[in-house]
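Chain residues, written in single-letter form:
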Amino acid sequence: MAGQLVKEWTAIQQFPAATQEKLVDLLGKLKSQNVDTLTILVMGKGGVGKSSTVNSVIGERVVTVSAFQSETPRPVMVSRSRSGFTLNIIDTPGLVEGGYVSGQVLDTIKSFLGRLLLTKTIDVLLYVDRLDSYRVDDLDKQVVQAITDSFGKEIWHKAIAVLTHAQLSPPDTLSYVEFFSKRSESLLKCIRQGARISKRDAQNFAIPVALVENSGRCNKNEGDEKILPTGTPWIPNLVQTITGLALNGKGGIVIDQKLIEGPNANDRGKLFIPLILALQYLFVIKPIQKRIKDDVARETRPSWA
Amino acid sequence: MSSSAAPAHLLPLTSSTASRRRNSSATASVSRLHSPNSIVQPNLPSVAVSASLQNPKPSKSPPFLLNYLISPKSLGPCAASCILFHLAKPVFSGSGTIFNLGGGGGGGGGGGAGGGGGGGGGSDGGQGGGFWSRIFSPAAIAKDDEPQQEWDTHGLPANIVVQLNKLSGFKKYKVSEILFLDRRRGSTVGTEDSFFEMVSLRPGGIYNKAQLQKELETLATCGMFEKVDLETKTNPDGTISITIPFLESTWQSADRFRCINVGLMPQSKPIEMDPDMTEKERLEYYRSQEKDYRRRIERSRPCLLPIAVQREILQMLRQQGKVSARLLQRIRDRVQQWYHENGYACAQVVNFGNLNTKEVVCEVVEGDITQLVIQFQDKLGNTCEGNTQFPVIKRELPKQLRQGQVFNIEAGKQALRNINSLALFSNIEVNPRPDEKNEGGIIVEVKLKELEQKSAEVSTEWSIVPGRGGRPTLASIQPGGTVSFEHRNIKGLNRSLLGSVTTSNFLNPQDDLAFKLEYVHPYLDGVYNPRNRTFRASCFNSRKLSPVFTGGPGIEEVPPIWVDRAGVKANITENFTRQSKFTYGLVMEEITTRDESSHIAANGQRVLPSGGVSADGPPTTLSGTGVDRMAFLQANITRDNTKFLNGAIVGERNVFQLDQGLGIGSKFPFFNRHQLTVTRFLQLKQVEEGAGKPPPPVLVLHGHYGGCVGDLPSYDAFTLGGPYSVRGYNMGELGAARNILELAAELRIPIRNTHVYVFAEHGNDLGSSKDVKGNPTEVYRRVGHGSSYGVGAKLGLVRAEYAVDQNSGTGAVFFRFGERF
């Protein structure tokens, strides 16, 4: 984090006491496992509430949020440290631009990571979508696919599917829990398809789902904690999921040159060049030479020759 | 000697190349010689025939000239017979076994139908001369005008027959009519008869007594007639009519035909027959002559006349029954026709022998080459010492022009073209000339004018560049141009060193300075070795706009990237045929990429949605610094058997190009970049080949695959789109990729002198755009593939076409130079 000023995580004190307690507890757990840095990458389509989630977790308005614009023109990293533990959250622009997955945005994200976090790891990916979208479509799949292409399939070991706008009233026929499980199931299915995780592999990639409600009108419990319609306070819940994932034994995604620049096509097949050259000589140049010889032999000579 | 006929038989194979050096690709132009006189001269001393024979040659009369213009077919024969005129020694044979067509007969024969036609036109009531008289009448009138006052009336009563020797030797008689009277049949022969070629007299002509007597002598000695006379009849208007009563020579019918080449053999010498010989002596004489003749046949060489033609002649003989003089004339014409049609311009029937023996022996002088002379001329046309070594020229001459071969005009033309392609000479002549020392032999003379060995040239041009606001301003008129020098034909072995420097602004040459220095070393395997390998070493630079950094449709402006290459190159080219070749060599170069303002650019720029420009586009070089150095091997093999068929290209062309990186240079570039192009020009209809015949419709199928394994800097990426890739798009508009495939089909339909065509093309990046570092295809919003179709017409060198690009569905009209394939 060279050059990046790491601020003390003061905003943690604004959380309700119960949340604070829980968070400090979780951070202590991480520290006890010798994890003193946690890097979280937040990605998703535009306008699903990535920046708001980041703001909610940090507890202050670190990223500007605007309701209508493509809010985040470029990736932003927020770093906070508390008693020797550093939390990095990278907020990114929406991956969808003009109805298509924007490779350019992905490139900016990657080069941003390359600049700030080279040789570091991404410990957790928050894949953000809305709870209140009723169906998943091809575009979601493409977004997942683009993330997979850029960071590798392994990133889904470290991913949490985050559903924002959790405080909603489900359609009449369904209970909230039913709706949530249906929605999360369809999203996970989409992720599995997009990331090309086969059914057999699905057990390996147990992607937890976390609910988020960033709205100020979010219901609160007696401890002033923001709670979900189910009654659980969501911030400690989310951080707990993050902690669990960070400690799940799978290594984080190391940011290296290869990841940033994508697979280096220049190196592909280099070993085979001598073989290719030999084949070209034997099966292209030689036959052409032979056909030239045939041409010479077959050349219609003028009558006088 | 008529100069009108001279250029034809002297093979005016001349090629003047005034500006060859500038346009080295120009094909050899074979043009008629401008000054025939210079070539006529060498022939004159070789006249071995008595002047009496040469004088009455019909070629002097205007009808002959006209005929020469009207029917080009007779050009060859007439010209050749002029050669014969010098070569052949007439045989005044009384024996009847040797029939001589040389001398006057041959010379007259050259006139061909022209002579006869002229006669018909001149005679007032000429039978069957209607056609000719219509054509010739202007000439006849013109001819009448001039000599009007120059003839004398006969001064005798009209309508009396006067013996030739009764005519006055001082008067010039005007001949109004000439008639041949066949005594055997008792009727006159038509003007179209071959006998009319025998006389040089023409109706309307003015002759004195001596000329008429000479004419009669010629007729009497030519062997065509057993008996011939010349009678004159006075006309009331002071002119005379000539009647030639004759008895045609005939011999026993023959059922065999033989054609022999008697070139380089001494002509059979007529032995004066002593009139006082006894019967026995005479028999002895005949026998010895027959023996001599048999020996002559044995010594002669077989001739080139194919069996088919011989059979045809045999047919003629069989149909005829008795062998008559006129039949022999027809045979002679047929044989000569074959030779001349096949390019043996010097071939000539000189004799018919062995008559009266059931066999007709046709003696032909085919025109054997006895010597090949290469001469150099200075600017004034004087023979001089040349710088070029003879083997260099000799290896360009076709085998058929070597000593011992029969001279063929096509081989001469080929030699001319080959020598011309050396680009060493400003003027080339290939002339056959009769060999004075060897009768019937031909000396082929190759006369060459060498170009200056060293030359330097400065050419300047002022280009008006757009100044502020796009208007050309005075201050922005820059002097530009080229300075070049050339040292040609070093050591006389066609080695050359040439250099040039070009800039568009001499005041500020560092802006864009293109230079080239090249050394060419042909005949790498020795000038006597038939293997044709040329070594080339060059030092070069170039500046090109990279099509990789081009926007797709809808992208307004992509800041351009210039790719400067400078380096050295050494390669060896082996030519297999004129078009097929194999080149291999080493290239070492430094590539610098620059932006608009000539600053080194390590990355392409891209326009952000906000309108700003960011310089973090795809990297331009492998090293990432904007400057790459690399060494690689380059090989290119081209197989091209295309040819022009009545102006349309048919055949096949395959090109394989390979750049093999050696791991030497910035970032140790190691790569294998390869391209294969296959183009087929399929002829859709069989057509007859020949000048003026329509070309066939042609279907062109074209495929181009390009690929690269290993390090691929953006400037070496394959781009899609453009007039030579996928028409209807701009250069690089479709993308830049690691592997590409282009397919095209074009149907060409000939119309008048040109053709129209329809085409469809497709280019595809095979999904390999992302394998180019920085993915310039995507960054500049290009699709990566695209198709187009359209129609076009070829207007001279320009192609005008309407192409529809299928990505946007819009069409546009394009004008392009040159060929797509």
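Residues numbered from 1 in each chain as written. Chains lettered and ligands numbered in written order. Predicted model: local features only at pLDDT ≥ 70, side-chain atom pairs only at ≥ 80, totals over all residues. Heavy atoms only, no water.

Threshold: UniProt positions are given in the numbering used here, feature names are shortened, and annotations may be inferred rather than shown by experiment.
Identification of chain B as Protein TOC75-3, chloroplastic from Sesamum alatum is taken from an unreviewed UniProt entry. Chain B has a UniProt comment under Subcellular location (unreviewed entry) that states "Plastid, Chloroplast outer membrane". Heading Sequence similarities (unreviewed entry) of the UniProt record for chain B holds this comment: "Belongs to the TOC75 family."

An unreviewed UniProt entry lists chain A under the name Translocase of chloroplast, with Sesamum alatum as the source organism. Regarding chain A, the UniProt comment filed under Subunit (unreviewed entry) reads as follows: "Homodimer." Taken verbatim from the UniProt record of chain A, the Function (unreviewed entry) comment is "GTPase involved in protein precursor import into chloroplasts. Seems to recognize chloroplast-destined precursor proteins and regulate their presentation to the translocation channel through GTP hydrolysis."

**Structural notes on the sheet that holds strand E2 (residues 37-44) of chain A**
Residues and elements named next belong to chain A. To keep it simple, the criterion reads: Following DSSP output, two strands are said to pair if at least two bridges run between them. Secondary structure elements follow DSSP: runs of H or I no shorter than four residues count as helices, runs of E no shorter than two count as strands, and numbering proceeds from the N terminus. A contact between two residues is defined here by any heavy atoms of the two lying within 4.5 Å. Only the contacting stretch of a helix is used when fitting its axis, a line to C-alpha atoms as for every element, and angles between N-to-C directions run 0 to 180 degrees.
Spatial ordering of the open sheet is given by E1-E3-E4-E2-E8-E9-E10, a layout of seven strands whose pairing is mixed. Of all strands in the sheet, those with a lone pairing partner are strand E1 (7-8) and strand E10 (209-211), marking the two edges. Of the strands in this sheet, E2, strand E3 (76-82), strand E4 (85-91), strand E8 (124-130) and strand E9 (159-164) are in contact with helix H2 (residues 50-58), which crosses E4 at around 165 degrees. This element, helix H6 (residues 234-246), spans E2, E8, E9 and E10 of the sheet and lies at about 165 degrees to E9.

**Quick notes on the nonpolar core**
The test is simple: Among the buried residues, those of types Ala, Val, Leu, Ile, Met, Phe, Trp, Tyr and Cys that are joined through side-chain atoms within 4.5 Å form a nonpolar core. Per-residue accessibility, obtained with a 1.4 Å probe over protein chains only, is compared with the maximum for each type, and a residue is labelled buried under 20%, exposed over 50%, and partly exposed between these values.
Among the nonpolar cores identified, the biggest contains 78 residues, and A:Ile40, A:Leu126, A:Ile147, A:Phe151, A:Trp156 and A:Ile191 are the most heavily contacted of them. Looking at this core, the element that brings in the most residues is H6(A), giving seven residues. Excluding residues within four positions of it along the chain, A:Trp156 makes contact with A:Leu125, A:Tyr127, A:Val144, A:Ile147, A:Thr148, A:Ile191, A:Ala195, A:Ile197, A:Phe205 and A:Ile207. The next biggest cluster of nonpolar side chains, apart from the first, holds 54 residues, and it includes B:Phe196, B:Tyr207, B:Ile242 and B:Leu305.

**Points about the interface of chain B and chain A**
Using the following cut-off: The term buried area denotes the loss of accessible surface (1.4 Å probe radius) that occurs when two parts are joined, taken as the sum for both partners. The term salt bridge refers to a pairing of a side-chain nitrogen on Lys or Arg with a carboxyl oxygen on Asp or Glu at a separation within 4 Å.
Listed as interface residues are 38 residues of chain B and, on the opposing side, 25 residues of chain A. Summing the contributions of chain B and of chain A, the shared interface buries around 2900 Å²; its carbon and sulfur component is 60%. Among the residues chain B hides against chain A, the three largest losses belong to B:Ile637, B:Arg639 and B:Phe656. Together they make up 18% of the total. Viewed at the interface, chain A and chain B are joined by four salt bridges.

**A few points about helix H1 (residues 17-32) of chain A**
Residue and element names in this part refer to chain A. The cut-off we apply is this: Multiplying 1.5 Å by the residue count of a helix minus one yields the expected span of that helix. What the arc covers is the set of directions going from the helix axis to the C-beta atoms.
The end-to-end C-alpha distance of H1 is 22 Å, a good match for the 22 Å that 16 residues give at a rise of 1.5 Å each. Turning to H1, its buried residues are Thr19, Leu23, Leu26, Leu27 and Leu30. The buried side chains of H1 occupy one side of the element, clustering within an arc of 100 degrees when seen end-on. Exposed residues pointing more than 90 degrees away from the buried face of H1 are listed as Ala17, Glu21, Asp25 and Ser32. Contacts from the buried residues of H1 go to E2, E4 and H6. In the segment just after H1, Asn34 is the residue with positive phi, at about 65 degrees.

**Here we look at the state of the cysteines**
Residues and elements named next belong to chain B. Note the following rule: Pairs of cysteine sulfur atoms within 2.5 Å are what we label disulfides.
According to the stated counting rule, one finds zero disulfides over all chains in the structure shown. There is no disulfide at Cys303, and the cysteine sulfur nearest it, in Cys259, is 3.1 Å away. A residue is classified by how much of its surface remains accessible, and Cys303, at 15% relative accessible area, is buried.

**Here we look at the packing of helix H11 (residues 307-320) of chain B against helix H12 (residues 325-341) of chain B**
All names here are of chain B. To keep it simple, the criterion reads: Note that the term roughly parallel is reserved for angles under 35 degrees, roughly antiparallel for angles over 145, roughly perpendicular for angles of 65 to 115, and oblique for everything else. The nonpolar class holds Ala, Val, Leu, Ile, Met, Phe, Trp, Tyr, Cys and Pro. Asp, Glu, Lys and Arg form the charged class, and all remaining residues, Gly among them, are polar.
Running from amino to carboxyl end, H11 crosses H12 at an angle of 170 degrees, the nearest separation of the two axes being 11 Å. With respect to H12, the axis of H11 lies roughly antiparallel. Touching Val309, Glu312, Ile313, Met316, Leu317 and Gln320 of H11 are Leu327, Arg330, Ile331, Arg334, Val335 and Trp338, all from H12. In terms of residue class, the contact of H11 with H12 is built from eight nonpolar, one polar and three charged.

**Side note on the pairing of strand E25 (residues 562-575) of chain B**
Residue and element names in this part refer to chain B. Judged from the 13 bridges that link them, strand E24 (residues 533-545) and E25 form a sheet pairing that is antiparallel. What sits directly across from Phe535, in E25, is Ile572. Note: E25 against strand E26 (residues 581-594), 14 bridges, orientation antiparallel. The residue bridging Thr573 from the neighbouring strand is Thr583, located in E26. The turn joining E25 and E26, which pair antiparallel and follow one another in sequence, is formed by five residues.

**A word on the pattern of salt bridges**
By the definition in use, this model includes 49 salt bridges over all chains. Where B:Glu652 meets A:Arg291, a salt bridge forms, and the shortest distance between an N and an O atom there is 3.3 Å. Pair noted here: B:Glu652 is in strand E31 (residues 648-665) and A:Arg291 is in helix H8 (residues 273-298), and the two residues belong to different chains. Residue class for B:Glu652 comes out buried when judged on its relative accessible area of 9%. The partner of B:Glu652 in a salt bridge is B:Arg680, with the nearest N and O atoms 3.4 Å apart. You can see B:Glu652 sitting in strand E31 and its partner B:Arg680 sitting in strand E32 (residues 671-683), a full 28 residues away along the chain. A network of salt bridges, in which partner residues are shared, links B:Arg727, B:Glu746, B:Arg748, B:Glu761, B:Lys794, B:Arg799, B:Glu801, B:Glu819 and B:Arg820.

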